[in-house]
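# Results of the structural survey
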Amino acid sequence: MKVPYFDLKTQYASLRDDVLLAVDRVCQNASFILGDEVARFEQEFAAYCGSNYCVALNSGTSALHLALLAAGVQPDDEVITTANTFIATVEAICYAGARPVFVDIDPKTANIDPERIEDAITSRTKVILPVHLYGRPADLDPILEIAERRDLAVIEDACQAHGAIYKGQRVGSIGRAAAFSFYPGKNLGAYGEGGALTTNDEEIAQFARILRDHGQSKRYYHDFVGYNYRMDGFQGAVLNIKLKRLNEWTRKRQALAQLYYDLLSELPVELPQDKPESESVYHLFVAYVDDRDTLREELERRGVQTAIHYPRPVHLQKPYAALGYRSGSLPHTELACERCISLPLFPEMTAQQVRYVADTIAEVTEQFEYLTVANRTANSTR
Ligand SMILES: Cc1ncc(COP(=O)(O)O)c(C=O)c1O
């Protein structure tokens, strides 16, 4: 059996008629940049997230950048975040001229460890930027409590977490502002680049709207040095079509993820623990194993494609060397990057394919004598 890592072509086949009509509509209306389709998407996505406002942009990276600027981040401020993320989280901090400060992850969740945040706060800290990694909500309550007490803003990187729920609320509606990505492979993906900022704060939304469009509040009257961060009309139209299907796709991802959890529970792989009060949308299904590269090669040989998110943590990437972190600075993050493997998971995947992946992992880990967590612990205490 062949199991691809993901499959956007099958999804397109189910949307093709609507998408072609939408392309035609956008072209007929010559509504190529922003326009009605984008305005409708902004309303519907804000409602979906339970946020008052949504500002549609050309990427999640732009959304992070504008959220940081709107929160008042200035050059030489510090922003606390995780190094276990896609590089864009940290790039956006640098675009704002601020300094990223990394806090290690909680190894049980792979998300930022709230208990370590307080020690990283200095007089220059402005924002805490948790990432809902893989679609699994970061533990926001303790983060919000620290932020409130220390007068900091919380900005959510929800780029991987469309629709994920933390204690009854959708992510993206909880912090001062949030960033979403609609990169094609995301749970809600455009047919090109796309992103959005969500917020309950009217001033932030207004500021982001002006900044995305060259800093102009009125045509050719520029109040700020702005950016060209506008969403295309076509992406708005595609997102309107896909948003209607998002809950159905999320339920499929959740059911397949549950099946993985059941089938992998006795095998020598570790899975991140979801907090009972939160609901993951499983953008990625990531497991942790000791000899990740062997497992990956052997799965590939047996027809199962996998990926790595992410092979090298941000603090050990070349451009960030000047921040002064070294190998060993963030041990849990570094171990997660050494051991992580992303298994195939997409709404069109079948239960039979999940079973095949799990059976193949069982076969490989047995053949190569992988140790279960219990065995590893016993060995290391000997
Ligand atoms: C956690 C995270 N943050 C930010 C981004 C940036 O989004 P975009 O690629 O739309 O700029 C991504 C996208 O992959 C992401 O996964």
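An account of the accompanying structure is given in this report. Since the model is a prediction, treat every value here as computed from it, not as a measurement. (Residues numbered from 1 in each chain as written. Predicted model: local features only at pLDDT ≥ 70, side-chain atom pairs only at ≥ 80, totals over all residues. Heavy atoms only, no water.)

This next bit is on the site of the ligand. Lining the immediate surroundings of the ligand are 15 residues, of which Gly60, Thr61, Asp157, Ser181 and Lys186 lie closest. One of the side-chain N or O atoms of Gln160 is found 2.9 Å from an oxygen atom in the ligand. In the complex, the protein chains occlude 93% of the 390 Å² of accessible area that the ligand would expose alone. Going through the elements one at a time, α3 (60-70) and α4 (88-95) are the ones with two or more residues in the shell around the ligand. The element best represented in the shell around the ligand is α3, accounting for three residues. A class-by-class count of the residues in the shell around the ligand yields five nonpolar, eight polar and two charged. (Near = heavy atom within 4 Å. Polar contact = N/O pair within 3.5 Å; in protein donor to acceptor, adjacent residues only side chain to side chain. Areas by Shrake-Rupley, 256 points an atom, 1.4 Å probe, with all protein chains shown as cover. Helix = DSSP H or I, 4+ residues; strand = E, 2+ residues; numbered from the N terminus. Nonpolar A, V, L, I, M, F, W, Y, C, P; charged D, E, K, R; others polar.)

Spatial strand order, β1-β9-β8-β5-β4-β2-β3: seven strands in an open sheet with mixed pairing. Of all the strands in the sheet, just β1 (53-57) and β3 (99-102) have a single pairing partner and so form its edges. Looking at each pair of strands side by side, their axes are set apart by 25 degrees on average, direction ignored. Judged from the three bridges that link them, strand β5 (residues 153-157) and strand β8 (residues 177-181) form a sheet pairing that is parallel. When the sheet's bridge partners are listed, Asp157 is paired in β8 with Ala179. Packing of helix α2 (residues 36-49) onto the sheet brings it into contact with β1, β8 and β9 (195-199), and relative to β1 it is tilted by some 130 degrees. On the sheet, α4 packs against β2 (78-81), β3 and β5 and is oriented at approximately 140 degrees with respect to β3. (Pairing = 2+ DSSP bridges. Axes fitted to C-alpha atoms, helices over the stretch in contact; angles between N-to-C directions. Contact = heavy atoms within 4.5 Å.)

The sheet built from three strands is open, its strands ordered β7-β6-β12 with antiparallel pairing. The open sheet is flanked by β7 (169-170) and β12 (278-279), the only strands paired with a single partner. Where strand β6 (residues 165-166) lies against β7, two bridges are found, and the strand directions are antiparallel. Following the sheet pairing, Ile165 is matched in β7 by Arg170.

Before going further, it helps to examine the packing of aromatic side chains. A full pass over the atoms with the stated rule returns 14 aromatic pairs. Site record: aromatic cluster; members linked through ring pairs are Phe41, Phe45, Tyr48, Phe180 and Phe182. In this arrangement the basic side chain of Arg170 is found over the ring face of Tyr48, its NZ or CZ atom lying 4.0 Å from the centre. The cationic tip of Lys218 hangs over the ring face of Tyr221; the distance from NZ or CZ to the ring centre is 4.8 Å. (Phe/Tyr/Trp six-rings, centres within 6.5 Å; stacked < 30°, edge-to-face > 60°. Lys NZ or Arg CZ within 6 Å of the ring centre and 35° of its normal.)

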